[in-house]
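# Reading the structure
What follows is each chain in one-letter form.
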Amino acid sequence: MSIPTRALGALEVSAQGLGCMGMSHGYGGGDDTESTATIHAALDAGITLLDTADIYGAGRNEELVGRAIAGRRDEVVLATKFGIVSIDPDAGVVVRGDREYVRERCEASLRRLGVDHIDLYYQHRVDPRVPIEDTIGAMAELVEEGKVRHLGMSEAGADTIRRAAAVHPVAALQSEWSLWTRDIEAQVLGTCRELGIGVVPFSPLGRGFLTGRIAKPEYGDGDMRAGMPRFTGENFDRNRAVVEALEALAAQRGVTAGQLALAWVQSRGDDVVPIPGTKRRTYLAENVAAATLELSAEDVAAIEAAAQGFAGDRYAGAMSRAVGR
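Given the structure is predicted, the values throughout are model-derived calculations rather than measurements. Counting restarts for each chain: residues are numbered from 1 in the order of the written sequence. Two thresholds apply to this predicted model, a pLDDT of at least 70 for residue-level local features and 80 or more for giving and counting side-chain atom pairs, whereas whole-chain, interface and lining totals are computed over all residues. Side-chain metrics rest on all non-hydrogen atoms present in the structure, leaving aside hydrogens and water.

### Some remarks on helix H7 (residues 233–253)
The periodicity of an α-helix, 3.6 residues per turn, causes residues three or four positions apart to be oriented the same way. With 21 residues, H7 ought to run about 30 Å at 1.5 Å a step, and its terminal C-alpha atoms sit 31 Å apart, in line with that. Those residues of H7 lying buried are Phe236, Asn239, Arg240, Val242, Val243, Leu246, Leu249 and Ala250. In this description, contact between two residues means that some pair of their heavy atoms is separated by no more than 4.5 Å. Strands here mean DSSP runs of E at least two residues long; helices mean DSSP runs of H or I at least four residues long; both are numbered from the N terminus. The inward-facing, buried residues of H7 abut helix H8 (257–266) and helix H10 (297–306). Gly254 lies just past H7 and shows a positive phi near 75 degrees. One less than the number of residues in a helix, times 1.5 Å, gives the span that helix is expected to have. Any residue under 20% of the maximum accessible area for its type is buried, any over 50% is exposed, and the rest in between are partly exposed; the area is computed with a 1.4 Å probe on protein chains only.

Pasting the structure below:
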């Protein structure tokens, strides 16, 4: 199957990317052998955009991705992120965006990835203590030095994005966007389109919930979903009922609920490049098949009508404060 390409600012990438976080972080134990095979299968299928971050697995995810792409670097648009120092469910997300930290983390990522440049370098979360002009200015210096090719931001607010783009072109804004997380449609999406910034939705499958494969609120050790409001208690039951409606709609099309949900995200515009994450080749193949699934206006209306009534916040308590700044 041939995957079409799309533009993130001046950067050309496959219309669907691969989120690598779950291979080392957030969803329990990983299998490096299968994860590596999944990355290779993604490249073989025509996916060029691979996404990681220095916080994932405390650097282990970057090392995994680096080993997997060794010998295939010219096939990859490599994206990574810096800025999150630590994550604590009670204290929230600790971030840094000062010039010293920007440079330190870039050098560390280059070493772990085993490359001489990063194609797309994101600020993972905005540091409210540091003017965004200073952070983007430090990132722009990395572009001038050839260590970074394009700049990105993640979960930033509309005003911050505008200020950042006034300092240096921003290729992409990465934020959660799916049928059950549509916050960016209020202001951020319009700002990005006004400025020519591409949008990279992470968790386009609702951290796996929209696939229908999570039948009970039971999670293994190290699975962050156990502490997320949408995945537990009454919220789980309400959300499961919505997904069942999506499953019925998908069955009419002969596809899975996950493919329908992913195709919906991809249909939001030619400047949208979702990065569904998986660490298994089976699920990768399912996601890739959705890259060419076309939806009519009637399909979109039916999907959005079915996807009503999701319950619960994205994050619990202090974790939500780092979003949209």
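### Things to note about the layout of surface pockets
Only protein atoms enter the calculation, which uses a 1 Å grid: trapped sets of points that fit a 1.4 Å probe without letting it out are cavities, open sets showing protein on both sides within 12 Å along at least five of seven lines are pockets, and any residue with an atom within 4 Å of a point is a lining residue. Grid points are joined across faces, edges and corners, and a volume is the space filled by probe spheres set on the points. In this structure, the second largest pocket encloses a volume near 200 Å³. Together, 16 residues line the second largest pocket, and Glu155, Asp183, Arg314, Val323 and Gly324 are the ones closest to its centre. The residue inventory of the lining of the second largest pocket, partitioned by class, reads six nonpolar, five polar and five charged. Polar here means any residue other than Ala, Val, Leu, Ile, Met, Phe, Trp, Tyr, Cys and Pro, which are nonpolar, and Asp, Glu, Lys and Arg, which are charged; Gly is therefore polar.

### Here we look at the environment of Trp264
Among the structural elements, Trp264 can be located in helix H8. Taking C-alpha positions, Trp264 is 18 Å from Gly190, a pair spaced 74 residues apart along the chain. Only 2.9 Å separates the side chain of Trp264 from the side chain of Glu304, close enough to count as a polar contact. Counting of polar contacts relies on pairs of N or O atoms within 3.5 Å, with two restrictions inside protein: one atom must be capable of donating a hydrogen and the other of accepting it, and residues adjacent in sequence are counted only when both atoms are side-chain atoms.

### Notes on the pairing of strand S9 (residues 148–154)
Most of S9 sits inside the fold, with five of its seven residues counted as buried. Crossover handedness is defined by viewing with both strands directed away from the observer: a clockwise path from the first strand over the helix to the second marks the crossover as right-handed. Note on the crossover from strand S8 (residues 118–123) through helix H4 (residues 132–144) to S9: the handedness is right-handed. For two strands to pair, DSSP has to find at least two bridges joining them. Bridging between S9 and strand S10 (residues 172–176) involves three bridges; their strand directions are parallel. If you follow Gly152 over to S10, its bridge partner there is Ala172. Read from S9 through helix H5 (residues 158–165) to S10, the crossover connection turns out right-handed.

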